[in-house]
Structure formats: C-alpha cells, structure tokens
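# Descriptive structure summary
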Amino acid sequence: QPPKNLWAFAMYSSQQNNSSNDEDYDFNYDLNLNSNSGPPGTASGGYAFGQKAPRMSTAMQPQPGGAGGGPASRMGTASQGGEARPMTSVSGAGFSSKQGAGNRGTFDPLNQGRGAAPALAEKADNSAEDLAKEMEKAVHSLIEQSAQSSENHEFTKALEKAKDAGKKERALCKHRESNGLADQINVDLTYAVWFNLACVYQQNGMMEEALNTYTLVVKNKNYPQAGRLRVNMGNIYFYQKKYPQAIKMYRMALDQIPNSGKEVRFKIFRNIGNSFVRLGQFQDAIQSFETIMNASPDFQTGFNLVLCYYALGDAEKMKRGFNKMLAIPIAGIVEEEDEEEEVKAVEEAEAVGQARVDSLREELRKRRKEAEHYIITAARLIAPALEKSDWTVGYEWVNDALKIDHDNLASQMSIDQGLQYLKNKDFEKAIELLKSFEKKDQNMKAMAATNLSFIYFLEGDYNNADEYADLAVRNSRYNAKALVNKGNCLFVAQEFHRAKELYLEAIGVQADCVEAIYNLGLANMRMSSPDEARQAFEKLHTIIPNNPAVIYQIANLYEQQGKNQQAAKWFNVLITRVPTDPGILSRLGQIFSKEQEESQGFHYQLESYRHYPVNLDVISWLGVWFVKHEMYEKSIHYFERASQIQPNEVKWRLMVTSCYRRMGNYSKALQLYEQIHEEYPDNIECLRYLVAICKDLGRPYDEHQQKLVKLDRQLATKSQNQQGGGAMTNMVGGGGPATSREREASPRAEAKRDSPKKQQALAAPSAKGVDNRGGGRIQEREEEDFADDDVNDLLA
C-alpha cells in the first residue's frame, strides 16, 4: 500500500529535517482510527488521543483497523528508545507535520481542507485612482437618473440631475489632472454629460442655454462626430421661428452625414423643406421634397409636396404629386377577401380579449391609418381647387384616382362631395348622393345615414331625420354622432328621458363627444335638474375651456339658482372670451344691481350701451338710474334715444317730459305735454300731468279737466264690462288696445291697477298746495314718481 509508506516517509523525513527544533515540533497527531475513517496511523498502540505517544520501536504491531477493516502493519526501526533515526535514507518530501486546529492530523498534501477564506481586509485609505472610479460611477448614475426623469416628463428634476452630473464630471477631471491621471480622463463621459444637459435645457424651454451647450460640444475637436448635433440646434432655431438660421444649421449637419446614412439625410432634407415653407419660399421647399420623393418616397413628404403645389396653384403638379402619393405601397394592406375576413376575425378576438394582441399587426394598422390620413387629407385639399370653374370636376378626378387601389377612401371622398353640396346650399344633390350609399357596405351606409339625418334635422323634417338616425344606429351602434342625432330627434319630440339615455350612451362610446355632453346639459335643464346640467357643462368646460356657449350656460344656471356671486364669476370669465357682447355685459350689470353694487352695475350697463346703443332695456335702465340719482339732464338723453328707436311709443316722450318737470323747467314740460296731447288726445296719463302742471302755473285747465273726467268714466265703464274685473289698459294712439309688448309686461302693472293704493298713485298729480276737488290746501309732496307703469316697475 504505497500511500501509507509514502505518508510515513514524509512524516519521519520531516522529523529529521526539523530535529534541531524538537521543542517546537508537535508529535501529537489526532488521527482518526475508526474503521470508517481515512488511512491508518502508525503502530502506536492504544494510547488515547491527545496523549504523547512514545517513539516507534522495531517491533511490528498490528493495526486496530485498516482501510478495509482488516489488519495492517508498518515497518518500524530496530531500536526501542534513544534518539529516533529515520526509517530509510530517503530525504523528507517537505510536508509539515503541524496541522490546523480544525483539521489536525488529516492527510491533505495540497492544503485543500483549510475551510473558508478569511475576510478581506478593509482598505484604510482609497487611492486617487480608486476615488476617481467612484466619482465616475456617481456621474453615470446621475446621467441615468436625469434620462429617466425626462422619460417620465419630470423635466425640472431632470435638469437638476443633469446639472449635478456636470458639476461632478468637472470635479472628476480636476481630480485626475491634479493626481497625474490626465491620461485616464473619459472624453466620452464628458460628451454624454453635456449632450444630456443640452437636451434637458431644450425640454425645459431654455433655448439659449441649450444652444450654448450644443455649441461647446460641436466646436470641441475631441468629438469629430458631434457635427450632427447641429440638427438639434436647427430644431431650436425652427422652434424660435428663426428659419434662416435653422436652414443653415440643417445644411451644416447635412455635410457631416455620410452618403451611407440616407435615412438621416432625407429627414434633414424634410426639415429644410419645412423651413422654406414657413418662409413662404415654396419653390425651394419643392426642391427639397422632390429630392426625397425621387429617392425614398414617404407619405408625409408627399403630402408636403402636394401642399406646396396647392400653394402655388398649379393643378397639373397637384395631380402629379397626388399620383406619387398613391404609388407609395402601404404596409399591411390585405388584398384577398378571405385574408381580410380572417384579419377582421382576429381583430375582434383581440378586442374582446380572446386572443393575445399582436404588436406587429398593431404597428401595421397604425402605419396604414397614418398613410390613409395623409391621402384623404390631400384629396380633400386639392379636389375643390383642380378646376376653379366647376369644383365637381376635381372631386370626380380624385374619386377615379382613388378607386384603383383605395376604394374605401373613394367612398369617403364621395361623402365629402355631398357635404360640399351642403356648403353650396344644393340640398337635393347632397341628399341624392348620400342616398346612393344605402346599398354599400355597412360603415359607408352608417356614415351616409348620419349625414342624411343631420340634413333633414336642419331642414326641420324631423320624421326623415329620425328615420335615417335609426338606420345609422342600426348599422353602427358604436357611432357617437348617430346616437347624438337620434337623441336630438327625441329631444325635439319632448322625450327628454330617452334623449338623455342616448346622449349618455354616446358619451360612453366617445368620452369627449362635445355635442353629446352639451345636449345632455340642455336635456337636464328641460327636466328641471339644474345641478346635473351644470355638472355636464362643467365637464364640457374642461374639454373645451374657451367655448363661450358652455361658459354662458354655466353662468346662466348659477343665476337661475340665485347664486349671484358664482354667476358673476362665470360671466366675468365669459366677457374675457367675448368682451364686446352687449347682452352679457347687461346681464352682469343686472346681477351687480341685485347684489346692491350699483357702481359695478352701472359700469357694465354703460359698457353694454357703448357696444350696442339700441337696446331698449339697457337704455331704460340707464335712464332710470340717472333719475334715481337726480341727474335728469343725462336721463333725458337716454329717453330721447329710446323715443327715436320707438317713435310711436308715447311713454318715452312722457319720460322726457317728466324729467323736465322734475328739473323745474315747467314751461318746457308744458310745451311737451301739449305736443303729446295733440298727437295722442286720448292718452289719460298725459291729460293728468297736463292738468296738474296748468294748475301749478296758474293757467286755465278746465278744458283738459273735462276731457280727463270723460276718459275716466270711459275707462271705468270698460273695466266694469270686462269679465272678472280685468285690468285697465292704456289708451295709446287713437284709443286702441295696448301693444303686444305691453301685454307681455302687463301682469305687474295690472296688479298695481287693481290695488287701491296703486290706483291712488296713478291719479293725476295735484298742483302744489291745491286740492283737485275743492281748491283746499294739501300737504306738499316731498318726492314725485313717474306716472308711467313701466318706469315705476324699473324703479321698483
């Protein structure tokens, strides 16, 4: 058994080599002598572990247990005691007999059983190079954080991180230069820091800072490829509307791009063309766009080219450019009908969640939709302009061109032609054209029915409108516009609950359908649900915040609910959108008057009069306001304006005369009363004031008094003949009944006439200090009121 002898040789050879240090040599071997353990030990007898064994003798003693459980033996020496000598003359193999504490006595010549390695010693102090590496890692981390914040649209945070990265990168460069590590400066890291900072400046709208940063990068000779960043600089100049500088930067960037980068070069050409379009230099723009279309055509460039031809008014070039657009292949178009049906089935399964969404199909659908959008927009643009004398010729040419490969777009153009008939007030041809779609596919049928329902609704033919609205809803239940048309028909039929349901369904189909939301608010108003109506209009206000009609409805609802402060707030918002609307200014003035803010009310009423000086309500309000403040000269101006607007209305002339009487100008008042009496001899109010002023001036009034008594008797007889004690009407003009406007405004006046106290106020005013019935003295009145009922109402 060679391993045992070899182990013995090694042990005793080690003893011989270390005989000079016997005091340091440890002869205690913790050998495992069990039968299940490793190789057998020496013939040491039965000594316990840990005890010092005597030196070997020459006798051969059997081992208690060998490797296989059988006897084993080993050669010893011929001596028993004394100095130990080596068993053979072979020199030691160099193994050390001293073992570790946890592995003592185990045969491990390769020292593989030492256990786990000790912990690494901590560095007491980092070196300059290690510190530079840590600083570089910190810069990388800040750049990544800035980029992530930009992706999350947190531009302010991204700018802070980018600036911190710039500071740390400069500190890193100084550290390496000061410690003799200049050759380790990472120029790519510097490029990344400054490029990220420039991009973040641009995102935050700090264009000048971004330009300065880009300039530092492109002028640095360490970055020979940085010239393409001039594209970003050109974009900044384009944003600033500095189009010549933008073109210069684009061309300088174009010189830096090799011919192999065709895609990038064509994008730069497109930017140059767009800049020329903004400058109005369409010929130069056409050159850039034609360069792209001849080499690598795309729909966006083709549309821009057609737009330039349209701006120049060249019909032939418009046709040529449109044909180039149609020649561009569209990815994802299915030609076979079976494949088309299969694609529709798969799309429906994806919509309901039965199949996994195919990202490739989604991308193809997106590209196809974008291409069709460019084509149909270009078609709508050039169709009316191809033939100025007859716009239908252009539509026919466009339809013929589209029918070759884009039949669905041709159908849409036919519907647009019908709408063009509507714009030209040719309703019969529009209806005829749209009815031709009844035998086409479901989508086109629904689109045509929706437009037909709209046409009939505008014409007031609600039966046909309702019929085609039903047809549109049946063919396309998820068509928000069709649902709105059907709801409108029900609204007209006073079925507000059903109309509300359809409006809500349309909103469920299209959450931002402004027509459905607006009509929903109107339906709630008709159903006496002002809170729900206001909620609908406020939601619509978040979608279209600058729409005056929506703001007006919100303010109107607040006013109807008596919330004048909120109403005034929304009316103030409204006049910022329509500052010259006299009706809104008048409404705002009335609200402030209700809130006892007379100065504000007067201001807005005056502004309303300034923009629209023929509104009788505003004129009468201003005239009465000046009367209440005893500024009769100014009130005369407004009442005279009212009499000019309504020359046959006697009350305005009576108001003018009353102002002169209040001013104390009795002669002028008497003159005006006599003129009014000559034109309207049966006007009882004029006679009352005429009798009173004649008494005041000491002039004869018997004739006027007799006429007044006669008219009083006639009015009393007429009031008795009316059933239920009807209201007494003013005798205007030749003694006829009151006008329609007076009848509308008569309830309050009639109630006053029925009241005894009010009847006393309507009596002819007495002369100062004279009783009408017997000439006795009466107490002088401190204040006189207008006898005209309408003015009394305004004063009240």
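Nothing here was measured: the structure is a model prediction, and the numbers come from that model.

Cut-off values and rules
- As a convention, each chain's residues are numbered from 1 in the sequence order in which they are written.
- Totals for whole chains, interfaces and linings use every residue, but because this is a predicted model, local features are given only for residues with pLDDT of at least 70 and side-chain atom pairs only at 80 or more, for both listing and counting.
- Hydrogens and waters are ignored; side-chain quantities use all the structure's heavy atoms.
- Only one rule defines a salt bridge in this text: a Lys or Arg side-chain nitrogen within 4 Å of an Asp or Glu carboxyl oxygen.
- Secondary structure follows DSSP: runs of H or I at least 4 residues long count as helices, runs of E at least 2 residues long count as strands, and numbering of each begins at the N terminus.
- Any residue under 20% of the maximum accessible area for its type is buried, any over 50% is exposed, and the rest in between are partly exposed; the area is computed with a 1.4 Å probe on protein chains only.
- Among buried residues, the Ala, Val, Leu, Ile, Met, Phe, Trp, Tyr and Cys ones that are joined through side-chain atoms within 4.5 Å form a nonpolar core.
- We call two residues contacting when some pair of their heavy atoms lies within 4.5 Å.
- The span you would expect from a helix comes to 1.5 Å times its residue count less one.
- Taking the helix axis as origin, the arc is that swept by the directions to the C-beta atoms.
- pLDDT measures the predictor's confidence residue by residue and takes values from 0 up to 100.
- Patches here: salt-bridge-free residues with over 30% relative accessible area, like charges joined within 9 Å, nonpolar side chains (Val, Leu, Ile, Met, Phe, Trp, Tyr) joined within 5 Å.
- Accessibility throughout is a Shrake-Rupley quantity obtained with a 1.4 Å probe, and a residue counts as covered only by protein chains that appear here.
- A positive count includes Lys and Arg, and a negative count includes Asp and Glu. His and the chain ends are not counted in either.
- Each charge is placed at NZ for Lys, CZ for Arg, CG for Asp and CD for Glu.
- For Phe, Tyr and Trp, rings pair up if their centres lie within 6.5 Å, where Trp contributes its six-membered ring, and each pair is then called stacked (planes under 30 degrees apart), edge-to-face (over 60) or tilted (otherwise).
- Here, over-ring charges are defined by two tests on the NZ atom of lysine or the CZ atom of arginine: distance to the ring centre within 6 Å, and angle to the ring normal within 35 degrees.
- Between N or O atoms, a polar contact is any pair within 3.5 Å; within protein, one atom must be a potential hydrogen donor and the other a potential acceptor, and residues adjacent in sequence are included only when both atoms are from side chains.

### Topic: the pattern of salt bridges
Under the criterion given, the structure shown has 17 salt bridges. Linking Glu-136 and Arg-176 is a salt bridge whose minimum nitrogen-to-oxygen distance equals 2.7 Å. Of this pair, Glu-136 sits in helix H2 (residues 128-151) while Arg-176 sits in helix H3 (residues 155-178); the two residues are 40 residues apart in sequence, bridging distant segments of the chain. The same class applies to Glu-136 as to Arg-176, namely buried. For Glu-532, the salt bridge goes to Lys-500, with nearest N and O atoms at 2.9 Å. Here Glu-532 is found in helix H22 (residues 530-543), whereas its partner Lys-500 is found in helix H20 (residues 496-509), with 32 residues between them in sequence. Here the salt bridges do not stand alone but share partners, grouping Asp-466, Asp-470 and Lys-486 into one network.

### Re the nonpolar core
Grouped together as the largest cluster of nonpolar side chains are 124 residues, with contacts concentrated most on Phe-322, Ile-375, Val-398 and Leu-402. Every residue in contact with Val-398, bar those within four places of it in the chain, is listed here: Phe-322, Ala-379, Ile-382, Ala-383, Leu-386 and Met-413. Grouped together as the second largest cluster of nonpolar side chains are 34 residues, Val-618, Phe-626, Tyr-632 and Val-656 included.

### Description of helix H11 (residues 315-327)
Along its 13 residues, H11 runs 19 Å from first to last C-alpha, staying within 8% of the 18 Å computed at 1.5 Å per residue. Burial in H11 covers these residues: Met-318, Gly-321, Phe-322, Met-325 and Leu-326. The buried residues of H11 occupy an angular sector of 145° when projected down its axis, which confines them to one face. Opposite the buried face of H11, by more than 90 degrees, sit the exposed residues Glu-316 and Ala-327.

### Remarks on the confidence of the model for the protein chain
Per-residue pLDDT for the protein chain has a mean of 76; in total, 71% of the residues score no lower than 70. In this model residues 1-82 is a low-confidence stretch, pLDDT under 50, and it forms 96 contacts with partners more than four residues away in sequence or in other chains. Long-range and interchain partners of residues 723-796, a stretch whose pLDDT sits below 50, account for 102 contacts in this model, where long-range means more than four residues apart.

### Considering a positive patch on the surface
A cluster of basic residues, Lys-163, Lys-167, Arg-170 and Lys-174, forms a positive patch on the protein surface. Residue placement: Lys-167 occurs in helix H3. By relative accessible area, which is 53% here, Lys-167 ends up exposed.

### What to know about the packing of aromatic side chains
Taken as a whole and judged by the stated rule, the model has 19 aromatic pairs. Measuring from ring centre to ring centre gives 5.1 Å for Phe-491 and Phe-496, while their planes differ by 75°; the resulting arrangement is edge-to-face. By relative accessible area, Phe-491 is classed as buried at 18%. Given the relative accessible area of 12%, Phe-496 is considered buried. Across from the ring centre of Trp-652, 4.8 Å away, lies the NZ or CZ of Lys-651, which sits over that ring. Geometry around Tyr-660 places Lys-668 over its ring, the cationic atom sitting 5.9 Å from the centre.

### A word on the side chain of Gln-605
Assignment of secondary structure puts Gln-605 in helix H26 (residues 598-611). Separated by 3.3 Å, the side chain of Gln-605 and the backbone oxygen of Ser-586 make a polar contact. Leave out the neighbours within four places in its chain, and Gln-605 touches Leu-585, Ser-586, Gly-589, Gln-590, Val-618, Trp-621 and Leu-622.

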